[in-house]
Amino acid sequence: MSADDAPTHRGGDAADDLNAFITRETVVSDADGPLAGKTVAVKDNISTEGIRTTCGSAMLEEYVPPYDATVVERLRGAGATLVGKTNMDEFGMGGTTETSAFGPTSNPVDRERVPGGSSGGSAAAVAAGEADLALGSDTGGSVRNPAAFCGVVGIKPTYGLVSRYGLVAYANSLEQIGPFGRSVEDAAALLDVIAGPDERDATTRYDAAEGGAPDAAGVPDDTHPAEATAYAAAADGDVEGMTVGVPTELIEGADDEVVAVFEDALADLDAQGVETVEVSLPSVEHAVQAYYVIAMSEASSNLARFDGVRYGVSGSEATGGTEGERGSSSEIDGGDGNWNESFARAREEGFGDEVKRRILLGTYALSAGYHDKYYKKAQDARAWVKRDFDEAFAEADVLATPTMPVLPPKRGESLDDPLSLYLMDANTVPVNLANLPAISVPAGEREGLPVGMQFVGPAFGEAAVIRAGSAVEE
Amino acid sequence: MTVPSGFTSGVANPGSTMARAAERAELVPVIGLEVHVQLETDTKIFCGCSTEPADDEEPNTRVCPTCLGLPGALPVCNEAAVEAAVKVGKALDADIPEETRFHRKNYYYPDLPKNFQITQYDAPLCADGELEFSHEGTRRTVNVRRAHLEEDPGSLRHVREGPADLDVRTTSVDRADYSLIDYNRAGTPLMEVVTEPDFRDPREVRAFLEKLEEVLEYLGVFDAGRDGSLRIDANLSMIEAGEVGDDGAIDEDVLESANRTEVKNISSHKGAEQALSYERNRQENLIKRGKAVEQETRHFNETHGNTVSMRSKEEEKDYRYFGEADLPALQVSDWKERIAIPELPDARRERFRGAYGLDAEAASKLTSRKAVADFYEQVAEEFDPDLAAAWVADTLLGELNYRDMAVEDVTDRLDEFTRLIELVATEEVTTKNAEEVVLRTMLDEGLTPDEVIEREGLGTAAADEVAAAVAEAIDENPDAVEDYHAGEGGAINFLVGQVMQKTGGSADPGDVNAMLRERLDG
């Protein structure tokens, strides 16, 4: 890595008026692998050794990880050229890339509009041709949402398909790293590189029998599906005889323009030999609430480590301490043993409003006396959503929905109303609650704006959603 | 109201206060423990860093992204730590469930890298165990409610900068200018053993802890010599003796209604007894003076032997426990069968008594440390078990104890001690010389027994040399000989002394005595 001599650009640069990158830095790999000659942008919550990894937060503006995420190691092993770290909603908390401490990213299709989020920088970079491929992360739709809004392909893998080692956690029971490409085959080829078990992530395991027994170290006791599947090869468009389920509940809430494009695409699939059936997911009306309770609860714990002690904003300015006096990051103000003041100062300075909102709500939801009312209830809803999907997959090979219920909003339009933003996730969050794989592919346009179509598959059924997606593409 | 004289004691006086009533009632302490034990594994519980401190190691050198809690790093469970914990569970005769899970305990503290601790909550690895131990000659059984795995935090050093000509000093947190954090310890596997409130005496607590440590050491999962290897939190409340049933049981409601304190920062068996004795007296005095015991957390100050208030119940923490999604649940139903544990101290004690004919005291001494028992057994197989017992239990342990040494300090020299016992058994050196010269020199100067005997000329005197000395002593001391024949008991001892002097102590006094009598009576 050449972290020291590489130029670092920030938003507003002439070469990047989209503000898709937080840090531009090119790292060429010598490896001769399947991604040799391909450029890949990496979301800035994926750790890169020697290249700062900010998570779109002022808290980590100067944080340089001493290690590579597993997916970054695999990119380098596959011969990919890294071109930079992409902009994102702060810690992944948002659907428009507007909560970034490094300024919003523009949608290359219409610069007045948001690129979606939270992986908006990655989607915009691929859509604008600034990278061939990109990695994002998807906690409640953060790959599929910007893929839909920017008119590119994004895949959210089954929980446990791709290692999260090195992905800075927002909601660790929900999220996966996922690929972006300008075609289904491109995105699937990137998935081929990053998927597979990792001894450093105990959740990258595959239980052939559900509820099966991984051993103590979490080492897979069955062949991991990633090792037996060629994802790029599944992008063959051959959907003849496939059954696609359409969950009525997830169509009803979408805008008319979006539904029109979605129905045209379904008709096109029908012509290719797909059988379409209606399915019902009654539990999804609770999915958004359940998702936010779980995601915020986990976030309140995952983001607790940002206290200014070991790395990140130390909050020392407020006490007048100089860098020299407080040079070592593991030297902290003892005071009378009440460290909370120092922690609070760092967090007050380092975190943005949306992050603070979610930490506060998550802390509340886990508190004694409220735990059962919120967190436990949300877990029950999560189990219910999983069951509904299981039942739906008894009738269909994959499910299809509009990825986003709306067209990409203009910048600034939705920021003031967090609730309407949260509701934008209605079609994507149920998939994370159920740990399932999904893809978003461009299905057409309305008013010159892209509309994405989402296919959801059964656990580890990536090949099926890739196949369905590739049929829409053609 | 008049009270008949001589009829006051033991009768409730309507004018008396609660304080007076309490004064009369005998109070007993009710004590429960949370014992944190560092499990000895090669690597930390959730990462590959070593758990073994290097000599004079620098702070923050035995760390990686996971145990430092760096963004993005993930925990992976160390199977060896789970195995060690299952061994403890088996030794405590605890239930091991089908499935066990990890939870997060959320609180902010600078020694906690993630500001949450990975621990176990509703599905601990061990439940419903017990530990039997001896206390003042009686057998006691304390129930273990649960025992679970968790990660150790790092350690803090509070620093105060002295005047310019003095170095910085370690101090208490309230006097510190700043604090330094060392994460080398962070991620060391800990097992927390939680007992029922079954103790009725601080001395029982000490006996229990000694037994627990004995068992852990036998299992090979514990190193008592490691700093911070055993940390104890104890809770104590006082209740009226009349509330304790014949079987020692106490009504749930009585227990609940008694205010209790939790004492933290106890790090030794002795400290536990001291802290709890102090706390018992403090609470007893409060109650006798009619004052309420406040429900609070108290800090044990080892230097002063007292406890001081840390925080009251109102400030009790809410840890917001929830499941750790990064660690899949572990299926451990067959681990109890699969994992073997060695013979435990109680069983070995009984076997030693039967197999080697030892008395209770010797058997107990010889089995309290596994290394001692192993050594004894090795010696007893080769030589006379009684001789071996005397040598190992009394002589060797006594000399080691005198030098503040443990058997671990000499485990690599056990061959030399075996050789010494062999020399005694074959009468090549006298017991007296072996004990008073050879063993002490071995320990003090690191020599082998043969080297000591050679250097000090302690080889058992040859028979003719002794015979010559006996003849000489008789010739040189006619008065003593006369006294002997006159029936004076002390005379023979004098003559034996003379012979011993002449042989430089290398003769056996019993043999000399016999030879003298033979010559004098013959």
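Since the model is a prediction, treat every value here as computed from it, not as a measurement.

The rules we used
Residues numbered from 1 in each chain as written. Chains lettered and ligands numbered in written order. Predicted model: local features only at pLDDT ≥ 70, side-chain atom pairs only at ≥ 80, totals over all residues. Heavy atoms only, no water. Helix = DSSP H or I, 4+ residues; strand = E, 2+ residues; numbered from the N terminus. Rg over C-alpha atoms; globule rule 2.2 N^0.38 Å. Buried < 20%, exposed > 50% of the residue type's maximum accessible area, 1.4 Å probe, protein only. Contact = heavy atoms within 4.5 Å. Lys, Arg positive; Asp, Glu negative; His and termini not counted. Charge placed at Lys NZ, Arg CZ, Asp CG, Glu CD. Areas by Shrake-Rupley, 256 points an atom, 1.4 Å probe, with all protein chains shown as cover. Salt bridge = Lys/Arg side-chain N within 4 Å of Asp/Glu carboxyl O. Buried area = accessible area lost by both parts, 1.4 Å probe. Polar contact = N/O pair within 3.5 Å; in protein donor to acceptor, adjacent residues only side chain to side chain. Nonpolar A, V, L, I, M, F, W, Y, C, P; charged D, E, K, R; others polar. Core = buried A, V, L, I, M, F, W, Y, C linked by side-chain atoms within 4.5 Å. Axes fitted to C-alpha atoms, helices over the stretch in contact; angles between N-to-C directions. Parallel < 35°, antiparallel > 145°, perpendicular 65-115°, else oblique. Left-handed = near helix turned anticlockwise from the far one by under 90°. pLDDT = per-residue confidence, 0-100. Phe/Tyr/Trp six-rings, centres within 6.5 Å; stacked < 30°, edge-to-face > 60°. Pairing = 2+ DSSP bridges. UniProt positions renumbered as here; feature names shortened; annotations may be inferred. Expected span 1.5 Å × (residues − 1). Domains from an automatic or database assignment.

Focus: the overall build of chain B
Okay, so step 1: Within chain B one finds 17 helices and 16 strands.
Okay, so step 2: What you see for chain B is a C-alpha radius of gyration of 31 Å, clearly larger than the 24 Å of a compact globule of 522 residues, by over 25%.
Okay, so step 3: Viewed in the frame of its principal axes, chain B has a C-alpha envelope of about 90 × 80 × 65 Å.
Okay, so step 4: For chain B, the residues scored as buried account for 49% of the 522 residues in total.
Okay, so step 5: In chain B, 71% of the contacts between residues at least 6 apart in sequence involve partners at least 24 apart.
Okay, so step 6: One finds the centroid of the 56 positive side-chain charges in chain B at a distance of 8 Å from the centroid of its 109 negative side-chain charges.

Some remarks on the overall build of chain A
Okay, so step 1: When helices and strands are counted, chain A shows 14 helices and 12 strands.
Okay, so step 2: Looking at the 474 residues of chain A, the share that counts as buried comes to 61%.
Okay, so step 3: Residue pairs in contact within chain A that sit at least 24 positions apart in sequence constitute 75% of those at least 6 positions apart.
Okay, so step 4: Surface summary for chain A: the accessible area is close to 16,300 Å², and the carbon and sulfur share equals 46%.

Regarding the environment of Val-438 of chain B
Residue and element names in this part refer to chain B.
Okay, so step 1: Along the chain, Val-438 falls in helix α12 (residues 431-445).
Okay, so step 2: Classification of Val-438 as buried rests on a relative accessible area of 0%.
Okay, so step 3: Each C-alpha atom of the pair Val-438 and Thr-448 lies 8.6 Å from the other, and the pair is 10 residues apart in sequence.
Okay, so step 4: Look past the residues within four positions of Val-438 in its chain and what remains in contact with it is Leu-420, Val-429, Asn-433, Pro-449, Val-452, Ile-453 and Leu-458.

Looking at the pattern of salt bridges
Residue and element names in this part refer to chain B.
Okay, so step 1: Counted by the stated rule, this structure contains 63 salt bridges over all chains.
Okay, so step 2: With a closest N to O distance of 2.8 Å, Asp-374 and Arg-348 form a salt bridge. A residue pair is termed long-range when its members are at least 10 positions apart, and Asp-374 in helix α9 (residues 370-382) and Arg-348 in helix α7 (residues 345-356) qualify at 26 residues.
Okay, so step 3: Judged by its relative accessible area of 32%, Asp-374 is partly exposed.
Okay, so step 4: Between Glu-399 and Arg-440 there is a salt bridge, with the nearest N and O atoms lying 3.2 Å from each other. Highlighted residues: Glu-399 in helix α10 (residues 385-402) and Arg-440 in helix α12, separated in sequence by 41 residues.
Okay, so step 5: Several salt bridges share partner residues, and in doing so they unite Glu-132, Arg-139, Lys-211, Glu-214, Asp-346 and Arg-349 into one network.

So, the interface of chain B and chain A
Okay, so step 1: Contacts between chain B and chain A engage 48 residues on the former and 52 residues on the latter.
Okay, so step 2: By the criterion of area lost to chain A, the three top residues of chain B are Pro-71, Tyr-108 and Phe-322 of chain B, representing 17% of everything that side buries.
Okay, so step 3: The tally of links from chain B across to chain A stands at one salt bridge.
Okay, so step 4: Close ionic contact of Arg-164 of chain A with Asp-326 of chain B constitutes a salt bridge, the shortest N to O distance being 3.0 Å.
Okay, so step 5: Across the chain B-chain A interface, the total number found is 20 residue pairs in polar contact (both at pLDDT 80 or more).
Okay, so step 6: For the side of chain B that touches chain A, the element with the most residues is strand β9 (residues 178-182) of chain B, which contributes four residues.
Okay, so step 7: In terms of residue class, the side of chain B that touches chain A is made up of 29 nonpolar, 10 polar and nine charged.

Considering the nonpolar core
Residue and element names in this part refer to chain A.
Okay, so step 1: Grouped together as the largest cluster of nonpolar side chains are 68 residues, with contacts concentrated most on Phe-91, Phe-306, Phe-389 and Leu-399.
Okay, so step 2: Contributions of two or more residues to this core are made by α3 (144-150), β8 (275-279), α8 (287-302), α10 (353-366), α11 (372-392), α12 (418-423) and α13 (429-433).
Okay, so step 3: When residues in this core are grouped by element, the largest group, 10 residues, is from α8.
Okay, so step 4: Judged by nonpolar contacts, the second largest core, of 63 residues, contains Ile-46, Val-72, Leu-266 and Ala-471.

Some remarks on the packing of helix α2 (residues 79-91) of chain B against helix α3 (residues 202-219) of chain B
Residues and elements named next belong to chain B.
Okay, so step 1: Running from N to C, α2 and α3 point in directions that differ by 130°, and their axes come no closer than 10 Å. When the axes of α2 and α3 are compared, the pair comes out oblique. The hand of the α2/α3 crossing is right-handed. The residues of α3 that touch α2, namely those facing Lys-87, Val-88 and Ala-91, are Val-215, Leu-216 and Leu-219.
Okay, so step 2: Taken together, the residues that form the contact of α2 with α3 break down as five nonpolar, no polar and one charged.

Observations regarding the confidence of the model for chain A
All names here are of chain A.
Okay, so step 1: With 88% of its residues at a pLDDT of at least 70, chain A reaches an overall mean of 90.
Okay, so step 2: This stretch, residues 1-15, has a pLDDT under 50; its non-local contacts, to residues over four places away or in other chains, come to 26 contacts.
Okay, so step 3: Here residues 209-215 is a poorly scored stretch, pLDDT under 50, and it has 10 contacts once near neighbours within four places are set aside; other chains count.

Structural notes on the packing of aromatic side chains
Residues and elements named next belong to chain A.
Okay, so step 1: Tallied over the entire structure, the rule returns 25 aromatic pairs over all chains.
Okay, so step 2: Ring centres 5.3 Å apart and planes at 55° place the aromatic pair Tyr-67 and Tyr-165 in the tilted group. Here the residue Tyr-67 occupies a position in the loop between β2 (39-43) and α1 (70-77), and Tyr-165 occupies one in the loop between β5 (153-156) and β6 (176-181), the gap between them amounting to 98 residues. Comparing Tyr-67 with Tyr-165 shows no difference in burial state: the two are buried.

Describing the pairing of strand β10 (residues 189-195) of chain B
All names here are of chain B.
Okay, so step 1: Among the seven residues of β10, seven are classified as buried, and the element is accordingly described as predominantly covered.
Okay, so step 2: Burial along β10 is two-sided: Pro-189, Met-191, Val-193 and Thr-195 facing one way and Leu-190, Glu-192 and Val-194 facing the other are all buried.
Okay, so step 3: Sheet topology places strand β1 (residues 27-38) next to β10; five bridges connect them, and they run antiparallel. Bridging from a neighbouring strand, His-36 pairs with Glu-192 of β10.

Some thoughts on the UniProt feature "active site" (unreviewed entry) in chain A
Residue and element names in this part refer to chain A.
Okay, so step 1: In this numbering, the UniProt entry assigns the feature "active site" (unreviewed entry) to Lys-43, Ser-118 and Ser-142. Across 100 residues, the annotated set stays spatially compact, with a maximum C-alpha separation of 10.9 Å.
Okay, so step 2: Along the chain, Ser-118 falls in the loop between β3 (81-86) and α2 (120-127).
Okay, so step 3: Once you skip the residues sitting within four places of it in the chain, Ser-118 turns out to touch Lys-43, Asn-87, Met-88, Asp-89, Gly-92, Gly-94, Gly-95, Thr-97, Ser-137 and Ser-142.
Okay, so step 4: Relative to the assigned elements, Ser-142 resides in the loop between β4 (133-138) and α3.
Okay, so step 5: The exposure class of Ser-142 is buried, given its relative accessible area of 6%.
Okay, so step 6: Contacts of Ser-142, omitting those with residues within four sequence positions, involve Lys-43, Gly-92, Gly-94, Gly-117, Ser-118, Ser-119, Ser-137 and Phe-180.
Okay, so step 7: Among the polar contacts listed, one links the side chain of Ser-142 to the side chain of Ser-118, at a separation of 2.8 Å.

Overview of the environment of Leu-327 of chain B
Okay, so step 1: Mapped onto the elements, Leu-327 of chain B comes out in the loop between β15 (322-323) and β16 (330-331).
Okay, so step 2: Through-space distance from the C-alpha of Leu-327 of chain B to that of Cys-64 of chain B is 18 Å; in sequence the pair is 263 residues apart.

Overview of the packing of α12 of chain B against helix α13 (residues 449-456) of chain B
Residue and element names in this part refer to chain B.
Okay, so step 1: Packing of α12 against α13 brings their axes to within 9 Å, and their N-to-C directions diverge by 115°. One way to sum up the angle between α12 and α13 is to call them roughly perpendicular. Helix-helix and strand crossings are classified by hand; for α12 and α13 the assignment is right-handed. Residues Val-437, Val-438, Thr-441, Met-442 and Glu-445 of α12 form the contact with α13, whose own contacting residues are Pro-449, Val-452, Ile-453, Arg-455 and Glu-456.

Looking at α9 of chain B
Okay, so step 1: A rise of 1.5 Å per residue sets the reference length of α9 of chain B, with its 13 residues, at 18 Å; its end C-alpha atoms lie 19 Å apart and thus fit the reference within 8%.
Okay, so step 2: Where α9 of chain B is concerned, the buried positions are Ala-371, Val-372, Ala-373, Phe-375, Tyr-376, Glu-377, Val-379 and Ala-380 of chain B.

Describing the domain arrangement of chain B
Okay, so step 1: Domain assignment breaks chain B into domain 1 (28-52 + 59-314), domain 2 (348-456) and domain 3 (463-521).
Okay, so step 2: Placing the centre of domain 1 of chain B and that of domain 3 of chain B at their C-alpha centroids yields a distance of 64 Å.

A short note on the sheet that holds strand β12 (residues 449-456) of chain A
Residue and element names in this part refer to chain A.
Okay, so step 1: A sheet is described by the order of its strands in space; here 11 strands give the open sequence β1-β3-β2-β4-β6-β5-β11-β12-β10-β7-β8, paired in mixed fashion. Of all strands in the sheet, those with a lone pairing partner are β1 (21-27) and β8, marking the two edges. The average angle at which neighbouring strand axes cross in this sheet is 25°, direction not considered.
Okay, so step 2: The pairing of β2 with β4 spans three bridges and is classified as parallel. Bridging from a neighbouring strand, Val-40 pairs with Leu-133 of β4.
Okay, so step 3: Across the sheet, α2 lies against β1, β2, β3, β4 and β6, angled at about 155° from β4, the strand it touches most.
Okay, so step 4: Here helix α4 (residues 184-194) sits on the sheet and contacts β4, β5, β6 and β11 (438-446); the angle it forms with β6, its principal contact strand, is near 145°.

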